[in-house]
Amino acid sequence: MFTIKSKLYLDRSQIISKIDPRIWGSFTEQLGRSVYEGIYQPSHPSADKDGFRTDVIDAVRKLNVPLIRYPGGNFVSGYDWQDGIGPKNQRPRRLELAWRSIETNQFGLHEFMKWSQKVGAKPDMAVNLGTRGIDEARNLIEYCNFPKGTYWSDLRRQNGAEKPFNIKVWSIGNEMDGDWQIGHKTAQEYGRLAHETAKVMRLVDTSIELVASGSSLRTMSTFGSWEETLLDNVYDDVDYLSLHQYYDNYDNDLKEFLGKSVDFDGFINDIIAVCDAVKARRHSDKQINLAMDEWNVWYHSKAADDKQAPWQEAPHLLEDHYNFEDALLVGSLAITLLKHADRVKIGCLAQLINVIAPIMTNTSGEPSIWYQSIFYPFMQVSNYGQGIALAQRANVPAYKAKSYDVPYTDSVATYNSKTNEIVIFVENKAHEKVNFETTLENFNVNKLVEATQFCGYDLKKTNEDQSMSIDSLKKVHLDDDKLTAELQPLSWNMIRINADD
């Protein structure tokens, strides 16, 4: 019988980069039940005085999400932020065209800022460059960030926020390369508008960071050329280029599906190459980093979404119920982000609650809230994927999928000097057990802190019954600078080791 052996070599002196904690951000918009019946449900027994579900707040805190992108998403390209400020009984009801729903505007800018503070996250505020543009941007940033003494800053104070919100990360537009987007533009049109928008925003507040809208998917016909044209217009104006990527398993091919992490890695490498080519052509010293501000698995709900009647309040849209194989891919995608920590500084798992999300709620009955399969690997990387990402040498056999050669194990390690911990994330994509061995060089290794596994479930099992859990990894041994472990078939694993700096 073929025994799979996977060897990993880690050296304290060999690093990829310091990890920006914002790589574990998330995303929410007024879509389906993400906000209404998710974040905000005043009638729910768990609701606090602001109408926020406290069970949701507790769940989000477990994910340790440092940054949340809002209000879109497709929603932002038709949204007027002024509809969501001021007395709630005076806010207009609108036709929301992106998702063909009724928007009540009972949740808006002030509510989001208050809620994000409660969950311990900073905002990544998106600006509408679809139906609005430069005026919206300059007015919104003045409303949010200018202290007082002007029309918009004093209106904010009148609406209950005496101090400025001081939002530092701003996304200028969303998926402007897609014809599905309200106000879709060519790369040149968007590039010029993004340049002028960035200009006025920085005139109001020089301390902000700006994210320009890159390709919505790697399969877009404009992929690559979009980035090049855009960056020719905005290279000196922005700090990050956004990327979006979702994966599906319509073909029900596990080997191919778990191999999508190879595609994800290629997508990131391709965009880095484009950014650096523009940098070289411009003879610039500035480096553009990446914001992978939408990523996830998404396909389970699409047939049901097609049957939904339009013009509902908080319709059940994009409510994928994730299974175990989805969790394996999400874990592997997270590993890929860490491998690119030198260039990917912002990441947003899309989305956070109810809509293609790790957290699901019920409006009544039990359970009132439940965690999807993807909750568990993301919770571990968001809490323990901190510090610095370590470079690695790996000796791992691979299998052949239709489109990729896929290593049987996917791994990455971090070192956190604050906790004196090496953390190894490793996924076994094989149907067999794997003998996993790691050599730790130039570390003062002390002891094994924790070793866990997430495995043993039917690939198609979802977690409505909340039977899924993270268990102890049984066969693991640390001897000086050598770690050995037996990884169960199709498993997500995390190993924490105490080591002095």
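Residues numbered from 1 in each chain as written. Predicted model: local features only at pLDDT ≥ 70, side-chain atom pairs only at ≥ 80, totals over all residues. Heavy atoms only, no water.

Caption draft 1: Focus on unusual backbone geometry. The omega torsion of the bond from Gly72 to Gly73 falls at 10°, within 30 degrees of zero and hence cis. Examined against the element boundaries, Gly73 turns out to sit in the loop between strand S3 (67-70) and strand S4 (94-96). Of note, the amide linkage connecting Ala350 to Gln351 takes the cis form, showing an omega dihedral of -15°. Assignment of secondary structure puts Gln351 in the loop between strand S11 (344-350) and strand S12 (359-361). A positive phi angle, near 55°, is found at Leu318, a position not held by glycine. Its place among the elements puts Leu318 in the loop between helix H9 (302-306) and helix H10 (324-339). Residue Leu318 is classed as buried on the basis of its relative accessible area, which comes to 4%. Non-glycine residue Asp480 carries a positive phi angle of around 55°. Here Asp480 shows up in the loop between strand S22 (476-479) and strand S23 (482-487). Since its relative accessible area comes to 62%, Asp480 is described here as exposed. (Helix = DSSP H or I, 4+ residues; strand = E, 2+ residues; numbered from the N terminus. Buried < 20%, exposed > 50% of the residue type's maximum accessible area, 1.4 Å probe, protein only.)

Caption draft 2: Focus on the packing of helix H6 (residues 225-234) against helix H8 (residues 260-281). The N-to-C vectors of H6 and H8 enclose an angle of 40°; their axes lie 10 Å apart at closest approach. One finds that H6 runs oblique with respect to H8. Once H6 is placed against H8, the crossing between them reads as right-handed. Every residue of H8 that contacts H6 at Glu227, Glu228, Leu231 and Asp232 is listed here: Ile271, Val274, Cys275, Val278 and Arg281. Across the contact of H6 with H8, the residue classes break down as 5 nonpolar, no polar and 4 charged. (Axes fitted to C-alpha atoms, helices over the stretch in contact; angles between N-to-C directions. Parallel < 35°, antiparallel > 145°, perpendicular 65-115°, else oblique. Left-handed = near helix turned anticlockwise from the far one by under 90°. Contact = heavy atoms within 4.5 Å. Nonpolar A, V, L, I, M, F, W, Y, C, P; charged D, E, K, R; others polar.)

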